[in-house]
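An overview of the molecular structure
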Amino acid sequence: MPLALLALAVGAFGIGTTEFVIMGLLPEVADDLHVSIPTAGHLVSAYALGVVIGAPLLAALTSRMSRRTVLIGLMALFVAGNVLSAFAPGYDSLMAARFLSGLPHGAFFGMGAVVATTMVAPERKARSVSLMFLGLTVANVVGVPAATLMGQHLGWRATFLGVSVIGLVAIASLALLIPHDHAHAPAVGLRRELAALKSLPVWLALGTTVAGFGALFSAYSYITPMLTDAAGFADGSVTLLLALFGVGATVGNLVGGRLADHSLRGTLFGGLTSLAAVLALFPLLMSTEWTAALAVVLLGMAAFVTGSPLQLMVMEKASAGPSLASSANQAAFNLANAGGAWIGGLALAAGFGATSPALAGAVLAVLGLGVAATAATVDRRRSVPGRERVVATHVPHEAEALQH
């Protein structure tokens, strides 16, 4: 695997850290800015909104720019957003800074996935994407806990300055390690990128992302009350258990990338099936502490097995213009975050019990399987005999050159 993937992983590590660390610092932020914790919680939504808007918008605006330049520029915007967050004088300015920080998130992962797959042989594409995503999953194991401790001891503003330093390291890594070929790659153009989004298989792949990761966030958004109310863990143990989720996600991501290079659709179906099964077993697994800890690890593994297959599938279905569709998949991921949390909250509010969000997630995972099955049926009608993967019939000159 090329060393340039390390630069993408460093950027992903910084982005993953800043996305999730705010959740652990809400009490400190609320106290310092004199707002309630629920009001401070809107900072999470502001970042997610930035991702959803920024992913397709920035991908479209930069469609004719070199990929290397775009990646560096997106990371510079990320650094600016975090520096502004650190020096925000009040709540409203911090909201705006968090929105700005979220804007480059989806476009970076989308463009990064395209670059990663063009630097490796075709049989290693999924693994290259999973190695970039490794930065995101490791952030949940190392980055978020470390940044949370920094914020608790040095103040929440120090956390955002620390994340900004990670962003600067990522910029230097991108400048040094991303091949200059990507500074002169032929531009696909916005018209072709938009045309690729008109494809039904692309939308079915995006729909699978929304349903599949909606299943994860339906449960994960309420994992703390499950662990404390159902499994009987003390509040102080939750941080360690969430790190176990990150370990499971890291393992699942790496395994999913390797398996997807052998069978893209088989890995996707297997991952969604495993996710549905784990979530359906949550009421049983949450009955004792050790099985609850196991459930957290299995949840991370089952969910992130599907990460790189879904990203690669969207890119293959939009092979005539993959950057915009790849970024749109990151927007779909954040829609899944918001939608899954809402659905899980409905189950909890209806009085179905502490583990009911997991059961709601199991239903969403089954829905994701249904969407994936529909996509497979569509592919079979368009497929070339003997080939598992189905891509667009038109392949741009750049893709042909990269394949050779």
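The structure under discussion appears in the preceding block.
Parameters at a glance
Residues numbered from 1 in each chain as written. Predicted model: local features only at pLDDT ≥ 70, side-chain atom pairs only at ≥ 80, totals over all residues. Heavy atoms only, no water. Helix = DSSP H or I, 4+ residues; strand = E, 2+ residues; numbered from the N terminus. Rg over C-alpha atoms; globule rule 2.2 N^0.38 Å. Buried < 20%, exposed > 50% of the residue type's maximum accessible area, 1.4 Å probe, protein only. Contact = heavy atoms within 4.5 Å. 1 Å grid on protein atoms, 1.4 Å probe; cavity = no way out; pocket = protein on both sides within 12 Å on 5 of 7 lines; lining within 4 Å. Points joined across faces, edges and corners; volume = space filled by probe spheres on them. Nonpolar A, V, L, I, M, F, W, Y, C, P; charged D, E, K, R; others polar. Expected span 1.5 Å × (residues − 1). Patch = residues over 30% accessible without salt bridge, like charges linked within 9 Å, V, L, I, M, F, W, Y side chains within 5 Å. Areas by Shrake-Rupley, 256 points an atom, 1.4 Å probe, with all protein chains shown as cover. Salt bridge = Lys/Arg side-chain N within 4 Å of Asp/Glu carboxyl O. Phe/Tyr/Trp six-rings, centres within 6.5 Å; stacked < 30°, edge-to-face > 60°. Axes fitted to C-alpha atoms, helices over the stretch in contact; angles between N-to-C directions. Parallel < 35°, antiparallel > 145°, perpendicular 65-115°, else oblique. Left-handed = near helix turned anticlockwise from the far one by under 90°. Core = buried A, V, L, I, M, F, W, Y, C linked by side-chain atoms within 4.5 Å.

Here the focus is the overall build of the chain. Helix and strand counts for the chain come out as 19 helices and zero strands. Over its C-alpha trace the chain gives a radius of gyration of 20 Å, about what one expects of a compact globule, namely 22 Å for 404 residues. A principal-axis box enclosing the C-alpha atoms of the chain has dimensions of 55 × 45 × 30 Å. Expressed as a percentage of the 404 residues in the chain, the buried residues total 56%.

Before going further, it helps to examine unusual backbone geometry. Residue His34 is not a glycine yet carries a positive backbone phi of 60 degrees. Locating His34 in the fold gives a position in the loop between helix 2 (26–33) and helix 3 (37–40). Residue classification places His34 among the exposed positions, given a relative accessible area of 74%.

A few words on the side chain of Ser101. Locating Ser101 in the fold gives a position in helix 6 (residues 91–118). Sequence-distant contacts of Ser101, defined by excluding residues within four places in its chain, comprise Tyr47, Phe78, Gly81, Asn82 and Ser85.

A separate point is empty space enclosed by the protein. Throughout the structure, instances matching the rule amount to four cavities of 30 Å³ or more. The space that makes up the largest cavity amounts to roughly 170 Å³. Lining the largest cavity we find 15 residues, and of these Phe133, Phe213, Gly307, Gln330 and Phe333 sit closest to its centre. Elements with a minimum of two residues in the lining of the largest cavity: helix 6, helix 7 (125–154), helix 10 (200–220), helix 16 (307–317) and helix 17 (322–349). Here the residues of the lining of the largest cavity are counted per class, giving seven nonpolar, eight polar and no charged.

The end-to-end C-alpha distance of helix 5 (residues 67–86) is 29 Å, a good match for the 28 Å that 20 residues give at a rise of 1.5 Å each. Along helix 5, the residues classified as buried are Arg67, Arg68, Val70, Leu71, Leu74, Met75, Phe78, Val79, Gly81, Asn82, Ser85 and Ala86.

A contiguous nonpolar surface patch, about 370 Å² in accessible area, is contributed by Leu49, Ile53, Leu57 and Leu61. Relative to the helices and strands, Ile53 resides in helix 4 (residues 42–61).

Moving on, we come to the packing of aromatic side chains. Applying the stated criterion across every chain yields a total of eight aromatic pairs. Judged by centre distance (6.1 Å) and plane angle (85 degrees), the ring pair of Phe108 and Phe109 falls under edge-to-face. The exposure class of Phe109 is buried, given its relative accessible area of 0%. Relative to Phe160, the ring of Trp156 lies with its centre 6.0 Å away and its plane at 80 degrees, an arrangement referred to as edge-to-face. Placement of both Trp156 and Phe160 in helix 8 (residues 156–177) is noted, with a separation of four residues, approximately one turn of the helix. The class for Phe160 is buried, based on a relative accessible area of 0%. One aromatic cluster in this structure is built from Phe213, Phe217, Tyr220, Phe245, Phe304 and Phe333.

Interhelical geometry of helix 1 (residues 4–24) versus helix 6 gives an angle of 150 degrees and a closest axis separation of 10 Å. Regarding the angle of helix 1 to helix 6, the classification is roughly antiparallel. In terms of crossing hand, the pair formed by helix 1 and helix 6 is left-handed. Along the contact surface, helix 1 presents Leu5, Leu8, Gly11, Ala12, Ile15, Thr18, Glu19 and Ile22, while helix 6 presents Arg98, His105, Phe108, Phe109, Gly112 and Ala116. Among the residues making up the contact of helix 1 with helix 6, the classes are represented as eight nonpolar, four polar and two charged.

A word on the environment of Val251. Positionally, Val251 belongs in helix 12 (residues 238–260). When its relative accessible area of 36% is taken as the criterion, Val251 is described as partly exposed. With 51 residues separating them in the primary sequence, Val251 and Ala302 have C-alpha atoms 9.5 Å apart.

Right, let's talk about the nonpolar core for a bit. Residues Leu216, Phe282 and Met286 are the most contacted members of the largest nonpolar core, which totals 59 residues. With nine residues, helix 10 is the largest single contributor of residues to this core. Those residues in contact with Met286, other than ones at most four positions away along the chain, are Ile223, Met226, Leu227, Ala230, Ala231, Ala292, Ala295 and Thr355.

Following both chains from N to C, one finds helix 13 (residues 264–280) and helix 18 (residues 356–382) inclined at 160 degrees, their axes separated by 8 Å at the closest point. For the element pair helix 13 / helix 18, the angle class is roughly antiparallel. When you trace helix 13 past helix 18, the crossing you get is left-handed. Of the residues in the contact of helix 13 with helix 18, the class split is 17 nonpolar, three polar and two charged.

Taken as a whole, this structure holds four salt bridges when the rule is applied. Residue Arg265 is joined to Asp379 by a salt bridge in which the shortest nitrogen-to-oxygen separation is 2.3 Å. One end of the pair, Arg265, is in helix 13; the other, Asp379, is in helix 18, with 114 residues separating them in the sequence. Between Asp379 and Lys317 there is a salt bridge; the shortest N-O distance is 2.6 Å. You can see Asp379 sitting in helix 18 and its partner Lys317 sitting in helix 16, a full 62 residues away along the chain. The same class applies to Asp379 as to Lys317, namely buried. Via salt bridges that share partners, Arg265, Lys317 and Asp379 belong to a single interconnected network.

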